[in-house]
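Structural overview for review
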Number of protein chains: 4
Amino acid sequence: MPLSQDQQAEIDRQRAESAPTRRPVAPALEEVLYQAIPVLDHGFVRVIDYMGDDTAVVQAARVSYGKGTKKVSEDKGLIHYLMRHRHSTPFEMCEIKFHVKLPIFVARQWIRHRTANVNEYSARYSILDREFYIPAPEQLAAQSVANRQGRGDVLTGPEAERVLDILKRDSTTAYDHYAEMLNESESGEMVDAEKQGLARELARMNLSLNFYTQWYWKIDLHNFMHFLSLRADPHAQYEIRVYADAMLDVLRKWVPLTAEAFEQHRLHAITLSKNALDAIKRMLKGEAVTLETSGLGKREWSELQAVLNGER
Amino acid sequence: MPLSQDQQAEIDRQRAESAPTRRPVAPALEEVLYQAIPVLDHGFVRVIDYMGDDTAVVQAARVSYGKGTKKVSEDKGLIHYLMRHRHSTPFEMCEIKFHVKLPIFVARQWIRHRTANVNEYSARYSILDREFYIPAPEQLAAQSVANRQGRGDVLTGPEAERVLDILKRDSTTAYDHYAEMLNESESGEMVDAEKQGLARELARMNLSLNFYTQWYWKIDLHNFMHFLSLRADPHAQYEIRVYADAMLDVLRKWVPLTAEAFEQHRLHAITLSKNALDAIKRMLKGEAVTLETSGLGKREWSELQAVLNGER
Amino acid sequence: MPLSQDQQAEIDRQRAESAPTRRPVAPALEEVLYQAIPVLDHGFVRVIDYMGDDTAVVQAARVSYGKGTKKVSEDKGLIHYLMRHRHSTPFEMCEIKFHVKLPIFVARQWIRHRTANVNEYSARYSILDREFYIPAPEQLAAQSVANRQGRGDVLTGPEAERVLDILKRDSTTAYDHYAEMLNESESGEMVDAEKQGLARELARMNLSLNFYTQWYWKIDLHNFMHFLSLRADPHAQYEIRVYADAMLDVLRKWVPLTAEAFEQHRLHAITLSKNALDAIKRMLKGEAVTLETSGLGKREWSELQAVLNGER
Amino acid sequence: MPLSQDQQAEIDRQRAESAPTRRPVAPALEEVLYQAIPVLDHGFVRVIDYMGDDTAVVQAARVSYGKGTKKVSEDKGLIHYLMRHRHSTPFEMCEIKFHVKLPIFVARQWIRHRTANVNEYSARYSILDREFYIPAPEQLAAQSVANRQGRGDVLTGPEAERVLDILKRDSTTAYDHYAEMLNESESGEMVDAEKQGLARELARMNLSLNFYTQWYWKIDLHNFMHFLSLRADPHAQYEIRVYADAMLDVLRKWVPLTAEAFEQHRLHAITLSKNALDAIKRMLKGEAVTLETSGLGKREWSELQAVLNGER
């Protein structure tokens, strides 16, 4: 359960307030605003604010004085056109802000997307909670043999038990020692009056990478879709992909036309290299193309086969 | 008058609509939303959308679950603290979007701020209007003798007349010839059926830099203030400063606490170099410091004098 | 001829100097360093500096202590792999810096790429030269009827003559008046002692968009390739495409393995939407797919046909 | 000792190579190129490559055809002018690339500077070394009482011993368990043939934040100085400040004129708010200004006192 009662009460209070605005409103997104969407064992994603909707994309593309939208079918056509031809600036005209709670090792992957604004909870200044990520048994994957950067079969039996035991025990110890070194109660009082307590900015180094952190994260629609295209992808690590999947749902609620175009032209699209395109053209003329005659490397060839056979 | 009747009607229609939202609302900014604030002879600035308000800065700084705000005095204190210590990320959590109509030479200065999102009206695709900037007589300044990048006295008499005549005549001719080369009526019909009409992307090159263009421009609060600190400054060219001044008023309506902190700690603040600080410390001890004994260069010294004498 | 004798002499002097370095050196690029590669009638591109080469990409990808390179075939394989899977960070580890002279309307398209560093010649501070772009007769294209953002047939006969006459005459007049308003000789003396001369920052507004400006432009290899993929593309306006083409040659000299991978996997690659991929899979199974049964829009369908028929 | 013999040998091999270049060369920086400058107990900073030097700043500012430099005194004056007036683009024209080995909690602060290019060693793909940071006894600071984000006195006696013991023991256990879960020898062989071994991307989560990671990090000179101004500052956490201090030395070797101007106008400069400036002006006129009459808040007032008394 990612939220305390106090936190839930704060969220409910904020959700209860409403005021009129002249700005574009996305009703389906308003519906879930501020709510914590659970991810992993203690994490969540909450939409905190947003700017614009599908009509704002159209309006910016037309640099219009009023709403700039025409019939829904024309707006949809324009959005698909913009997406297909990789126009980015109209999509940059919408913005969304999240509050995310996530394990530190996920945060370290996430932060590589430099085009977002981030304000992270500071462990220099504050004390982290006793919350750490333990994978569900079905996510306890072995190292892939084929792919150095991937997962293989799920561990079972004593090996799985041992791994879970290690993770839980080491995390618990790490936090116990963190608290001991801090020598502070939750209300900021010294626990042991004989001790001074280690500086927070030092004590935190004893915590492991599965501890949860949290941040406010704000990004424009174009870069948000770029993030999703990389992280809601089967090659992404499971622990970040579940966040991206939850946020893809948010995208569909926020900008349904854009989301549809994104899934069509980006998320489920593929890129063919010059040689791969040539190979396909020859196949379409009835030629039997093989790895040897394709001009492709082994790996690209097998990826192309997988695509054509619908394996991805 | 920067707007046509049709444009004003579109704006009025959009202003008439209102819907409830759970997001933070900035009432004074809602008041002017979509309205064209006139700048120069044909330009304007219109706020199209915004995300967040003063409380959103506080909320992000606290990475809070609810509103995160406490007493107004505490929020104000926090915002001043963040501004004074140049914390940027909490201010990045608000965003604003403008529709701006501006002369091309102003647009060329403006675009140097790379942290914004821009979607400009395309003269490859569309036809520009017959609108060009002619300075008001009191802005017809001579080249400064002291400062190669500045203005001196205002031109008067025949020289002023001649300049205004040149600017108006050349702009008019440029547009007449642009239209002739395009060979298109406003509704897209050929004017002279014997001609083909030059491609729009080529014809536009005959227009001069005082013609108006327009764009949608979106920026976060932190970078917006950086823009204002450079462009609402006496060293900025008058023609961009008037836009920045109009937008500084928008800032005050949008985030009054942040605006106050910005004016106090950024816009009207000064930076003292190590040597300038040393000089002031010595002055405070009663020492008579001169250019020669100050360790400053001539120019920095005279700038420091101007600051201390209240000349800027 | 884009260069004066003095400028050529300065370049020659700089080319004559050489010093030993421990950094990676790209011999084919050193060969042309500082040389002006002519573009359009008065423009050029000059490589001013560069950081890294193909081995630096490999080295960064491996976060290695030494050169990090293995056999050329392995390095090449790695670079193709990185390009194919859109890894961007290793390519960001190389950097290149250009001096470019270009018409202002080209500069306005170019500057939309916000990930570069730019330092432009300032017409607030300095006086622009009497140099403007006049299209070659074979580039004097009519507006395309099919594509609002494109060129059609080349103008000929009296219409072409009239266009060239307008462009030359208006540019000449614009510059004559610019010089008159400035009232400054090249050496900075007043021409007419009775006049003050208009401020440079104002006088420049009389110049048209075909006048040449110049800048230093620096970009990392990843974003440079992104720029090339958009601007060395048939959809780009001719006047910027010729710059991109010249810079694509520079890319081949600088990082030949990366350039080859870029042309294979980016420049001459295509993206298939989900529906387009499905259509091709059905075609490969022998099905006769039509616009109606493809699930594609009209425009995407005809673009797909063009790709499969080798028309692009 | 941060380097293995093999790593040192690789570095030596690369240092031994040299080739002629036409590019600007910074001799003092070439001297230390590739060498590991030790930081903390196992970390280092190595300069891998650089682009430009002081003359490149001048050249870009002048958009010049040749070297663009004049007398050293004029170049120095220009660089000080650019720095004092916060011109950023000429400084963006130089670039530097580092290889850095650093504790993960330091990496997490460092990465907030989004304007750099980063390629980090991947613990999804590779196995981390058994190297973790243990503070030197004189850095084992207590939490500051005055400043929630700072350090107080150094811990001593049994409390210090206990902290060091915890940090060492927990880190050792974390790594032992990491290795056990991986079930791989250094050469990639399975250790226990009965087990599969946990995926690397999962096993790493057991490591604590004091483990070392490494990355290639590249940044332009302007943003590099911004990084230094924040991180070579007394308010920065000690563990990142020592990296910044080492890199400030690199700056002085690379671009001595720029470094001097940076220290004068940025690093050791101070900013006075509007009210603080007013207070100083009144003091200079002989008025006795107090907290109450200053218009400053308590905290800003005491900071101003500290500055004027030379305590910072």
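Being a predicted model, the structure only gives us computed values, none of them experimental. (Residues numbered from 1 in each chain as written. Chains lettered and ligands numbered in written order. Predicted model: local features only at pLDDT ≥ 70, side-chain atom pairs only at ≥ 80, totals over all residues. Heavy atoms only, no water.)

1. Remarks on the UniProt feature "binding site: dUMP" (unreviewed entry) in chain A
In the numbering used here, UniProt assigns the feature "binding site: dUMP" (unreviewed entry) to Q109(A), W110(A), I111(A), R112(A), E120(A), Y121(A), S122(A), A123(A), R124(A), R204(A) and R231(A). The largest pairwise C-alpha distance within this set of annotated residues, which runs over 123 residues, is 29.0 Å, so the set is dispersed in three dimensions. Here E120(A) is to be found in strand β5 (residues 117–120). Overall, E120(A) belongs to the buried group, its relative accessible area being 15%. Not counting chain neighbours up to four residues away, the residues in contact with E120(A) comprise T213(A), Q214(A), W215(A), V63(B) and R108(D). (UniProt positions renumbered as here; feature names shortened; annotations may be inferred. Helix = DSSP H or I, 4+ residues; strand = E, 2+ residues; numbered from the N terminus. Buried < 20%, exposed > 50% of the residue type's maximum accessible area, 1.4 Å probe, protein only. Contact = heavy atoms within 4.5 Å.)

2. Some details on the interface of chain A and chain B
Taken together, the contacts link 56 residues of chain A with 56 residues of chain B. Both sides together, the interface formed by chain A and chain B hides about 5100 Å², and carbon and sulfur atoms give 49% of it. Sorting the residues of chain A by area buried against chain B places R22(A), R23(A) and Y65(A) first, and these three jointly supply 21% of that buried surface. Joining chain A to chain B, the criterion identifies 6 salt bridges. E30(A) is the partner of R23(B) in a salt bridge, and the nearest nitrogen-oxygen pair spans 3.4 Å. On inspection of chain A and its partner chain B, the count reaches 42 residue pairs in polar contact (both at pLDDT 80 or more). Put simply, the parts of the chain that give the side of chain A that touches chain B at least two residues each are α1 (5–16), β1 (19–21), α2 (27–32), β3 (43–51), α3 (54–61), β4 (95–103), β5 and β8 (212–220) of chain A. Classifying every residue of the side of chain A that touches chain B by side-chain character gives 26 nonpolar, 13 polar and 17 charged. Where β1(A) lies against strand β1 (residues 19–21) of chain B, 3 bridges are found, and the strand directions are antiparallel. Looking at β1(B), one finds that T21(A) is bridged to A19(B). (Buried area = accessible area lost by both parts, 1.4 Å probe. Salt bridge = Lys/Arg side-chain N within 4 Å of Asp/Glu carboxyl O. Polar contact = N/O pair within 3.5 Å; in protein donor to acceptor, adjacent residues only side chain to side chain. Nonpolar A, V, L, I, M, F, W, Y, C, P; charged D, E, K, R; others polar. Pairing = 2+ DSSP bridges.)

3. Thoughts on the pattern of salt bridges
If you walk through the whole model with that rule in mind, you get 88 salt bridges over all chains. Between E180(A) and K195(A) there is a salt bridge, and its shortest N-O distance comes to 3.8 Å. Of this pair, E180(A) sits in helix α6 (residues 157–182) while K195(A) sits in the loop between α6 and α7 (200–203), placing them 15 residues apart in sequence. The partly exposed category is assigned to E180(A), whose relative accessible area is 27%. By relative accessible area, which is 23% here, K195(A) ends up partly exposed. The residue K67(C) makes a salt bridge to E17(D) at a minimum N-O spacing of 3.4 Å.

4. Some words on the relation of the copies chain A and chain D
In summary, the two copies of the chain are related to each other by a rotation about an axis coupled with a shift along it. Between chain A and chain D, which share one sequence, the superposing operator has a rotation angle of 180° and an axial displacement of 0.0 Å; the RMSD is 0.0 Å. A rotation of that kind, with that shift, is consistent with a two-fold axis. Minimal C-alpha separation from the rotation axis in chain A is found for S208(A), amounting to 1.8 Å. The residues that chain A uses at the interface reappear at the interface of chain D in 100% of cases, marking a shared surface. (Least-squares fit on C-alpha atoms with pLDDT ≥ 70 in both.)

5. Some remarks on the domain arrangement of chain A
All names here are of chain A. Segmenting chain A into domains produces domain 1 (1–131 + 210–269), domain 2 (134–209) and domain 3 (274–308). The distance between the C-alpha centroids of domain 1 and domain 2 comes to 29 Å. On the side of domain 2, 17 residues touch domain 1, which itself brings 18 residues to the contact. Note on domain 1 versus domain 2: buried area summed over both sides is about 1700 Å², and carbon and sulfur give 49% of it. For domain 1, the biggest contributors to the area lost against domain 2 are I127, R130 and F211; these three give 35% of the whole. At the surface where domain 1 touches domain 2, the tally comes to 3 salt bridges. With a closest N to O distance of 2.3 Å, R151 and E239 form a salt bridge. If you look at where domain 1 meets domain 2, you find 12 residue pairs in polar contact (both at pLDDT 80 or more). Contributing elements (two or more residues each) for the side of domain 1 that touches domain 2: α5 (104–110) and α9 (238–254). (Domains from an automatic or database assignment.)

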